[in-house]
Amino acid sequence: MKYDFFIPIMESTFLEHPEQIETLLKQFYSVSDKGSLLNHLRQINSKVKELRNTGEEIIDISREIDKSARYRVQYVIKASEVGILIVFPFAFLSGFIALFFVTQNIVKRLNELMVTIEKTGEGFYSPLPFPSGKDEVSTLIRTYNHMAEALKDRETQLIKKEEELIRHKKLAAIGTLASGVAHELNNPLNNIHLSAQILAREVKGSSEGIIKETVEDILSQSLRVKKIVGDLLEFAREKKPEKVSINLPELIKGVYNQVEKVYLSEKINFSLISPEEIYVSIDPAQIERVFLNLFTNAVDAMQGEGELVVRIYDDEDVVKIEVSDTGPGIPEDCLDKIFDPFFTTKDKGTGLGLSIVYNIIKNHYGRIEVNSTEKGTTFTIYLPREI
Ligand code: ADP
């Protein structure tokens, strides 16, 4: 009990200097060397030593950890520096190169487009290959291609219209010239024909065969020229139709009767497929002329034998008339010329028949179409019922 006061001091000092305390206890307080106090103190001492050693080990390990952490941090910093120094310029360079190529490609395509647009301006339409991409340049090229196609179509139409205009001007000039000549020829021709008729009557009983033949020849030739001059005058006259209400099937039958008389010897079968009555507002003389010309052409084409069929369809506002023959047809390269004045494939033709037909139908606000194969030709006329 008398050491109680010293125990805490000894314990704390003992932890600091255990060997000195042991000596002190033995020398000054005669504590037995083998007593439990010193034994316990020695155990505490060895534990403290162990603790110290463990503490030192921990310090060493933490130093190691610290060292490796520092090393790692430095490594990361170094790597970042390398990244900044190598990767960033590389990325920048490759980005720049990629940008350069993309720009080059865009500039190249835009240049091509510019050259093509310049050519288009000079009238050469050459569309660029159709791009499949969805980028702005591709959209631009596609838009240009559509525009070039539309322009090309327009130019083709313009050329066609220009050609038509030139043809119309030429035809108008020919028409004026022809009608002037026809007017001049009409009176002397009538006199020649009249004189030939008188002469023919005079030599009727004459035995002089050669005189008779010559006079008949003059008569038939003057008749032919009279027809040509008549056609020319009709073609140049462009008279406005004087319309009256007429039963069309009856008018057509009448025309066929006239033609039949001229072509008596021919084996032509005529048929008219139509309702009994179809009243149309037309100029009868002009429409008679239309069917006269169509029938004569059909009979000429069939060379004396065949079928001539007229079909009339009665629609509400329009009357459709088909004139079909079983002739050899019109060659394809002639089809777009047959309505031109003076176009003929016949030795004795004037080439005015169909152009007169065309003008008359046009003046009646109708239209005429032709359809032809090797088995025959069909002319289709559309006439408005009333205007
Ligand atoms: P022309 O009878 O004096 O030759 P047209 O203007 O009446 O003049 O006819 C022009 C040309 O059209 C004819 O020469 C002929 O070649 C062709 N043609 C017209 N009608 C027929 C037809 N029904 N069949 C075949 N060819 C035709």
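Because the structure is predicted, anything quoted here is derived from the model rather than measured.

**Q** Could you give an account of the sheet that holds strand E5 (residues 318–325), with specific residues and numbers?
**A** Here five strands make up an open sheet; going across it, the order is E2-E4-E5-E7-E6 and the pairing mixed. The open sheet terminates on both sides in strands that have one partner only, identified here as strand E2 (267–273) and strand E6 (367–373). Strand-to-strand twist across the sheet, computed as the mean angle between neighbouring axes with direction ignored, equals 15°. As paired strands, E6 and strand E7 (residues 376–384) are joined by seven bridges and run antiparallel to one another. Counted as the bridge partner of Glu 369 is Thr 380 from E7. Against the sheet, helix H7 (residues 284–302) touches E2, strand E4 (305–314), E5 and E7, its axis set at about 145° to E4. Sheet contacts for helix H9 (residues 353–363): E6 and E7; angle to E6, the most-contacted strand, approximately 140°.

**Q** How would you sum up the packing of aromatic side chains? Please name residues and give values.
**A** Here the structure, examined in full by the defined rule, presents seven aromatic pairs. Considering the side-chain rings of Phe 339 and Tyr 358, the 5.6 Å spacing of their centres and the 45° angle between planes classify their relative orientation as tilted. Of the two residues, Phe 339 sits in the loop between helix H8 (332–335) and H9 while Tyr 358 sits in helix H9, which places them 19 residues apart along the sequence. Overall, the relative accessible area of 18% leaves Phe 339 in the buried class. When the centroid spacing of 6.3 Å and the interplanar angle of 85° are considered together, the rings of Phe 339 and Phe 379 count as edge-to-face. Highlighted residues: Phe 339 in the loop between H8 and H9 and Phe 379 in strand E7, separated in sequence by 40 residues. An identical accessibility class is assigned to Phe 339 and Phe 379; each is buried. In this structure an aromatic cluster arises from ring pairing among Tyr 256, Phe 270, Phe 291 and Phe 295. Over the ring of Tyr 313 we find Lys 320; its NZ or CZ atom is 4.9 Å from the centre of that ring.

**Q** Could you give me a rundown of the pattern of salt bridges, with the residues and numbers involved?
**A** Scanning all chains against the criterion turns up eleven salt bridges. Between Lys 26 and Asp 33 there is a salt bridge; the shortest N-O distance is 3.3 Å. Here Lys 26 falls in the partly exposed class, since its relative accessible area comes to 34%. It is possible to trace a salt-bridge network through shared partners that takes in Lys 26, Asp 33 and Arg 42.

**Q** Any chance you could break down the packing of helix H6 (residues 248–262) against H7 for me, citing the residues and the numbers?
**A** At a minimum axis separation of 9 Å, H6 and H7 run at an interaxial angle of 50°. It follows from the interaxial angle that H6 and H7 lie oblique. Along this stretch, H6 crosses H7, giving a crossing that reads as right-handed. Here H6 contributes Leu 248, Leu 251, Ile 252, Val 255, Tyr 256, Gln 258 and Val 259 to the contact with H7, which in turn contributes Pro 284, Ile 287, Glu 288, Phe 291, Leu 292, Phe 295 and Val 299. A class-by-class count of the residues in the contact of H6 with H7 yields twelve nonpolar, one polar and one charged.

**Q** So what about H9? Which residues, and what values?
**A** With eight of eleven residues buried, H9 lies mostly within the body of the structure. Three or more residues of H9 are buried, namely Gly 353, Leu 354, Ser 355, Ile 356, Val 357, Asn 359, Ile 360 and Ile 361. Where H9 is buried, its residues touch helix H5 (209–237), H7, E6 and E7. Positive backbone phi, approximately 60°, marks Tyr 365, located one or two places after H9.

**Q** Can you tell me about the layout of surface pockets, naming the residues and giving the values?
**A** Taken as a whole, the largest pocket holds about 1,400 Å³ of empty space. In terms of lining, the largest pocket is formed by 42 residues, of which the most central are Thr 296, Asn 297, Asp 300, Lys 346 and Gly 349. Elements represented by at least two residues in the lining of the largest pocket include exactly H5, H6, H7, E5, H9 and E7. Along the lines of polarity and charge, the residues of the lining of the largest pocket split into 19 nonpolar, 13 polar and ten charged. In this model, the second largest pocket occupies a volume close to 630 Å³. Contributing to the lining of the second largest pocket are 21 residues, with Arg 167, His 168, Leu 171, Asp 340 and Tyr 358 lying nearest its centre. Listed by contribution, the elements that provide at least two residues to the lining of the second largest pocket are helix H4 (136–202), H5 and H9. Take the lining of the second largest pocket: its biggest share by element is eight residues, from H4. By residue class, the composition of the lining of the second largest pocket is eight nonpolar, four polar and nine charged.

The rules behind the values
- Residues numbered from 1 in each chain as written.
- Predicted model: local features only at pLDDT ≥ 70, side-chain atom pairs only at ≥ 80, totals over all residues.
- Heavy atoms only, no water.
- Pairing = 2+ DSSP bridges.
- Helix = DSSP H or I, 4+ residues; strand = E, 2+ residues; numbered from the N terminus.
- Axes fitted to C-alpha atoms, helices over the stretch in contact; angles between N-to-C directions.
- Contact = heavy atoms within 4.5 Å.
- Phe/Tyr/Trp six-rings, centres within 6.5 Å; stacked < 30°, edge-to-face > 60°.
- Buried < 20%, exposed > 50% of the residue type's maximum accessible area, 1.4 Å probe, protein only.
- Lys NZ or Arg CZ within 6 Å of the ring centre and 35° of its normal.
- Salt bridge = Lys/Arg side-chain N within 4 Å of Asp/Glu carboxyl O.
- Parallel < 35°, antiparallel > 145°, perpendicular 65-115°, else oblique.
- Left-handed = near helix turned anticlockwise from the far one by under 90°.
- Nonpolar A, V, L, I, M, F, W, Y, C, P; charged D, E, K, R; others polar.
- 1 Å grid on protein atoms, 1.4 Å probe; cavity = no way out; pocket = protein on both sides within 12 Å on 5 of 7 lines; lining within 4 Å.
- Points joined across faces, edges and corners; volume = space filled by probe spheres on them.

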